[in-house]
Amino acid sequence: PPMEPSFGVENAGKGDARTMISLPKPPFSKTLSIEEALEKRRSVRRFARRPLTEMEISRLLWAAQGVTGGGRGRTAPSAGALYPLEIYLVLPEGVYRYDPEIHELGIHRKGDFLGQLSAAALGQASVREAPAVIVLSAVYERVTGKYGKRGERYVILEAGHAAQNLHLEAVALGLGSVPVGAFQDRAVQSVLELSPNEEPLYLIPVGEPRP
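Report on the accompanying structure.

## Thoughts on the side chain of Ser137
Argument step 1. Considering the arrangement of structural elements, one finds Ser137 in strand β7 (residues 132-138).
Argument step 2. For Ser137, a relative accessible area of 0% gives the class buried.
Argument step 3. Polar contacts involving the side chain of Ser137 include one to the side chain of Glu198, which spans 2.7 Å.
Argument step 4. Among all residues touching Ser137, those that are not within four sequence positions of it are Pro84, Leu85, Glu86, Tyr88, Leu194, Glu198, Glu199, Pro200 and Leu201.

Below you can see the structure in the form of structure tokens.
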């Protein structure tokens, strides 16, 4: 059956009050140990059609780049606290950009782009069939301006930290995820309408595992 829109993006316009969507605060209750999450983490490529809940989305995005320590840090370490990563959530009804500072989603593009995103990822079915794909991109200049060429390495390391946080949070939620690095950079840029200086690094399909 078709998935119901999660946030009403199909009715939202540029000036609509729902252009920014507040996410519920993640609960900090213990679900399972970090050792259990590490043990259970596997790459999952087959997903049920059930849409993610707002709380699941909230927890996944917070795990990747959420603000911690009363605003003094984030869940993933960042060289010089320069935070070069951008996080996008791709759902059947649209593309959203995550703002970690206020823990909200902004509408980036309206429409279903999962098929086009899958084509940009060399036709991988997991990208097309997952109820959500989280995209990590980077603006290198935020870091290379201070650290020069070495800053490029710091950005890649940070993306790895953020992605692993996300995968482990997925396990804690009983969800599956898979890191996808095989895609055409320019095609993903075009589908998501990223700025020219913003480079996609990861596509991460996530959802309820299907046997």
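Let's pick the thread back up.
## Here's the deal with helix α7 (residues 185-192)
Argument step 1. If you check which residues of α7 are buried, you get Val188, Gln189, Val191 and Leu192. Axial view of α7: buried residues confined to an arc of 165 degrees, hence all on one face. Facing away from the buried side of α7 by over 90 degrees, the exposed positions are Arg186 and Ser190.
Argument step 2. Looking at the buried positions of α7, the neighbouring elements they touch are β4 (85-91), β5 (94-99), β6 (104-110), α3 (114-120), β7 and β9 (199-207).
Argument step 3. Two residues or fewer after α7 comes Glu193, characterised by a positive phi angle close to 55 degrees.

## As for unusual backbone geometry
Note: most peptide bonds trans; most residues except glycine with negative phi.
Argument step 1. The backbone of Ala81 sits at a positive phi, close to 50 degrees, despite the residue not being glycine.
Argument step 2. Looking at the secondary structure, you find Ala81 in the loop between β3 (73-74) and β4.
Argument step 3. Here Leu122, not a glycine, exhibits a phi torsion of approximately 65 degrees, which is positive.
Argument step 4. Topologically, Leu122 is positioned in the loop between α3 and α4 (125-129).
Argument step 5. Relative accessible area serves as the criterion here: at 58%, Leu122 is assigned to the exposed category.

## Quick notes on the layout of surface pockets
Argument step 1. Of the pockets and cavities examined, the largest pocket occupies roughly 320 Å³.
Argument step 2. Taken together, 16 residues line the largest pocket, and the ones lying closest to its centre are Thr31, Leu32, Arg59, Glu169 and Ala172.
Argument step 3. Elements with a minimum of two residues in the lining of the largest pocket: α1 (34-40), α2 (54-65) and α6 (150-172).
Argument step 4. No other element matches α6, which puts 4 residues into the lining of the largest pocket.

## Observations regarding the packing of aromatic side chains
Argument step 1. As enumerated under the stated definition, the model contains 1 aromatic pair in all.
Argument step 2. Ring centres of Tyr147 and Tyr154 lie 5.2 Å apart, and the angle between their planes is 85 degrees; this geometry places the pair in the edge-to-face category.
Argument step 3. For Tyr147, a relative accessible area of 29% corresponds to the partly exposed category.
Argument step 4. Take Tyr154: its relative accessible area is 27%, and that puts it in the partly exposed class.
Argument step 5. In this structure, Arg74 is placed above the aromatic ring of Tyr83, and the distance from its NZ or CZ to the ring centre is 4.0 Å.

Cut-off values and rules
- Residues numbered from 1 in each chain as written.
- Predicted model: local features only at pLDDT ≥ 70, side-chain atom pairs only at ≥ 80, totals over all residues.
- Heavy atoms only, no water.
- Helix = DSSP H or I, 4+ residues; strand = E, 2+ residues; numbered from the N terminus.
- Buried < 20%, exposed > 50% of the residue type's maximum accessible area, 1.4 Å probe, protein only.
- Polar contact = N/O pair within 3.5 Å; in protein donor to acceptor, adjacent residues only side chain to side chain.
- Contact = heavy atoms within 4.5 Å.
- Arc of directions from axis to C-beta.
- 1 Å grid on protein atoms, 1.4 Å probe; cavity = no way out; pocket = protein on both sides within 12 Å on 5 of 7 lines; lining within 4 Å.
- Points joined across faces, edges and corners; volume = space filled by probe spheres on them.
- Phe/Tyr/Trp six-rings, centres within 6.5 Å; stacked < 30°, edge-to-face > 60°.
- Lys NZ or Arg CZ within 6 Å of the ring centre and 35° of its normal.

Without other data, these values stay purely geometric and don't point to any function.
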